[in-house]
Amino acid sequence: MANSKFFKNILILLAFALVLISCSNSDDSGEKEAEDTIATVEGFYTGSIEITIDGNDITVPMSLIVNMASTNKFEGDFFETNSFSPCCSSNPQDGTFNFDYNPETMSLTNFIIRVDFNIDPGNPCTGTYTGAGTLDTSGNANRIVAQMNVDDCNVANTPAVFTVTKVSEL
């Protein structure tokens, strides 16, 4: 009888230890979830630029290759095509970009795209697109929507909306 009480106490202690271990593991998974959210920003994105020029609504295809530069900072290549190839440059891309990402608010700030359309060496077109946006992770893929100010050789200080959806991981 004394042995059975001893084993019963051991089983209760083991069950309690398992509950504690289980709880501490679930706390770690919350931290892992935040890390995963940051990591999921990286990837290949395609979409479009919506802009009005001379009263005409224009949709321009675009794609981004997004890489993590450091914690909550991202950079990569910009293409004015949906095929991750330059449309207007002899460079490997039509431009480069960087932005800061806040995983708590899902916001993108300091979003800067530096374009270098040099397909015509006698008349290169450079410029800077600046703005901010959000990362929407609802649904099956990440979607970046950014309000940008386009300033290049074609337009000056013109508002545009950039919308791209992740099509694959890096």
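Going by the structure above, here's the rest.
Residues numbered from 1 in each chain as written. Predicted model: local features only at pLDDT ≥ 70, side-chain atom pairs only at ≥ 80, totals over all residues. Heavy atoms only, no water.

(A) Spotlight on the layout of surface pockets. Counted as a void, the largest pocket has a volume near 240 Å³. The wall of the largest pocket is formed by 15 residues, among which Val-60, Glu-80, Tyr-129, Asp-152 and Asn-154 lie closest to the centre. The set of elements that each furnish at least two residues to the lining of the largest pocket consists of strand S1 (43-53), strand S2 (56-70) and strand S6 (125-136). Top contributing element to the lining of the largest pocket by residue count: S1, with three residues. Looking at the lining of the largest pocket, its residues break down into 12 nonpolar, one polar and two charged. (1 Å grid on protein atoms, 1.4 Å probe; cavity = no way out; pocket = protein on both sides within 12 Å on 5 of 7 lines; lining within 4 Å. Points joined across faces, edges and corners; volume = space filled by probe spheres on them. Helix = DSSP H or I, 4+ residues; strand = E, 2+ residues; numbered from the N terminus. Nonpolar A, V, L, I, M, F, W, Y, C, P; charged D, E, K, R; others polar.)

(B) Expanded view of the environment of Asn-118. Tracing the chain through its elements places Asn-118 in the loop between strand S5 (107-117) and S6. Setting aside residues up to four positions removed in sequence, Asn-118 forms contacts with Cys-88, Ser-89, Ser-90, Asn-91 and Pro-124. A polar side-chain atom of Asn-118 sits 2.8 Å from the main-chain amide nitrogen of Ser-90. (Contact = heavy atoms within 4.5 Å. Polar contact = N/O pair within 3.5 Å; in protein donor to acceptor, adjacent residues only side chain to side chain.)

(C) Region of interest: the state of the cysteines. Following the criterion strictly, the structure yields two disulfides and no others. Shown here is the disulfide that connects Cys-87 with Cys-88, its sulfur atoms set 2.0 Å apart. Given an S-S torsion of about -85°, the disulfide between Cys-87 and Cys-88 has left-handed geometry. Between Cys-125 and Cys-153 runs a disulfide, and the two sulfur atoms are separated by 1.9 Å. Measuring handedness by torsion sign, the sulfur bridge of Cys-125 and Cys-153 sits at about -105° and is left-handed. (Disulfide = S-S within 2.5 Å.)

(D) View of the pattern of salt bridges. With the rule as written, the count across this model stands at two salt bridges. The shortest N-O distance in the salt bridge between Lys-73 and Asp-100 comes to 3.0 Å. With Lys-73 in strand S3 (residues 73-79) and Asp-100 in strand S4 (residues 95-102), this residue pair connects regions lying 27 residues apart in the sequence. Among the residues examined, Lys-73 registers a relative accessible area of 39% and is labelled partly exposed. On the basis of relative accessibility, which here comes to 18%, the residue Asp-100 falls in the buried class. Its salt-bridge partner being Lys-166, residue Glu-169 comes within 3.2 Å of it at the nearest N-O pair. Exposure remark for Lys-166: the relative accessible area of 11% places this residue in the buried category. (Salt bridge = Lys/Arg side-chain N within 4 Å of Asp/Glu carboxyl O. Buried < 20%, exposed > 50% of the residue type's maximum accessible area, 1.4 Å probe, protein only.)

That's the geometry; what it means functionally is another story.
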